[in-house]
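Chain and residue survey
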Amino acid sequence: MEIKAWNFVLFSCLLVVSFLASSSSAQTCLSQTFSNNVQYSNCTDLPALNSYLHWTYDESAGTVQIAFRHTGTSSSRWSAWGINPSGPRMVGTQALVALVNSSGVAQAFTTSIDSLGPSMQQTALSFPVPSLSATFENNEMTIFAVLRISQNLLSTSQVWQEGPVSNGQIQSHSTTGANVQSAGSINFLTGQSGGSSSAGSRTRRRNVHGVLNTVSWGILMPLGAITARYMKVFKSADPAWFYLHVACQSSAYVVGVAGWATGIKLGSDSPGITYNTHRTIGIILFCFGTLQVFALLLRPNKDHKYRLYWNIYHHLIGYSVIILSIVNIFEGFDILNPDDKWERIYIGILIFLGVLATLLEAFTWYVVIRRKKTRKQTHTMNGANGVNEHGYGATAMGQRV
């Protein structure tokens, strides 16, 4: 039983850790084509917002011909891509913006982002843009442009974004999920691209935070509770079930505290970005988890008069931790906004644990009821044989024989 349990934990951990894996090696952009039949020398799958960049650098002309494609969008949303010589951030970006106008036609224009609340009106960029157009087909917005840039801009930062359009006016984009991860680097000369050191580091830390908390609070904690509830029904498993339960919950607490600490660090490094519900539940979980650790140290003996109250407290806090953990993990999914398959995998793990607990619950009741029947039958047989509770037979006159 113990080996199977730890095998399951290892399998679950591997599934969740794969959350960190990047799909960048499967270059979707290589299979993309364009209605104008233009082919580009380089392309890259951008790591956020279902976006792709294609380009060709013409050294003799000093121009870069680009096609930025944003898939899975709609006619009521705008798309933008740009370069920022000052770093992978919004302010300072020289942007190309596209949207579908009131006539149902895709239009593109240039704008220079000079603040955190830009007007998004058409303005000239710091470099010439001899050609600019956009198309919207099959829920895909594509911006075509020719940029005439200097040598010092061949290796620079890139930023891309998307957001809603209301009554023909561009509205602010979201400040959560993939919308705060859409920055990276680009080298038009070598063809290399990727996340910037700061954006990439932040994304990795967010992923590590998610993995640690999913494995600890979301998998190990429920597994430890299942171990305690259903293994102790077997007399042969005592006290092994207790040590396995303690090992599981202690590991979950240690890993969970590490995940909680990464969350605190991420919050301090992201001023102005607050996830109140996620943060509040996380703090409550840390407090409840710490209380459980102290409760273990103060655990009374089985025959102690306060043991009943300790059991009530321990179970109440424990099940509260499990419920809040699952809720907060799904809050985290909404913030990280990963591929849907990772959320489905975790849902699958929860379903497995739920089915396992249901089957074990039914089996536990079967064992308990069977034991009660066996004891009752034994007591009845002893009475029929004239054996009292002390093991002595008796005559009709009450004399021992």
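Residues numbered from 1 in each chain as written. Predicted model: local features only at pLDDT ≥ 70, side-chain atom pairs only at ≥ 80, totals over all residues. Heavy atoms only, no water.

Another aspect to go through is the pattern of salt bridges. Oppositely charged side chains can form a pair if their charged atoms are brought close together. Inspection of the entire model under this criterion finds three salt bridges. Glu162 is paired through a salt bridge with Arg77; the nearest N and O atoms lie 2.6 Å apart. Of the two residues, Glu162 is situated in strand 9 (residues 155–166) and Arg77 in strand 4 (residues 77–84); the sequence distance between them amounts to 85 residues. Residue Glu162 is classed as buried on the basis of its relative accessible area of 11%. Between Glu361 and Arg229 there is a salt bridge, with the nearest N and O atoms lying 2.9 Å from each other. Taken together, the residues Glu361 in helix 6 (residues 340–384) and Arg229 in helix 2 (residues 197–231) connect sequence positions 132 residues apart. (Salt bridge = Lys/Arg side-chain N within 4 Å of Asp/Glu carboxyl O. Helix = DSSP H or I, 4+ residues; strand = E, 2+ residues; numbered from the N terminus. Buried < 20%, exposed > 50% of the residue type's maximum accessible area, 1.4 Å probe, protein only.)

Helix length check: helix 3 (residues 240–268) (29 residues) gives 42 Å between terminal C-alpha atoms against 42 Å at 1.5 Å per residue, within 8%. For helix 3, the complete set of buried residues consists of Trp241, Phe242, Leu244, His245, Cys248, Gln249, Ala252, Tyr253, Gly256, Gly259 and Leu266. (Expected span 1.5 Å × (residues − 1).)

Turning to unusual backbone geometry, a few remarks are in order. The phi angle at Leu49 is positive, at roughly 65°, despite the residue not being glycine. On the secondary structure map, Leu49 appears in the loop between strand 1 (42–45) and strand 2 (51–58). The backbone of Asn139 sits at a positive phi, close to 60°, despite the residue not being glycine. Counting through the fold element by element, Asn139 comes out in the loop between strand 7 (131–137) and strand 8 (140–148). Judged by relative accessible area, which is 43%, Asn139 ranks as partly exposed.

The biggest cluster of nonpolar side chains holds 29 residues, and the ones touching the most others in it are Leu53, Ile66, Phe68, Trp81, Leu96, Ile149 and Phe188. Residue assignment for this core shows that the elements contributing at least two residues are strand 2, strand 3 (63–70), strand 4, strand 5 (94–100) and strand 8. If you tally residues by element for this core, the top one is strand 8, at four residues. When neighbours within four sequence positions are excluded, Leu53 is seen to be in contact with Asn42, Cys43, Thr44, Leu46, Ile66, Ala67, Phe68, Trp81, Gln158 and Ile186. The next biggest cluster of nonpolar side chains, apart from the first, holds 26 residues, and it includes Val215, Leu223, Ala252 and Leu360. (Core = buried A, V, L, I, M, F, W, Y, C linked by side-chain atoms within 4.5 Å. Contact = heavy atoms within 4.5 Å.)

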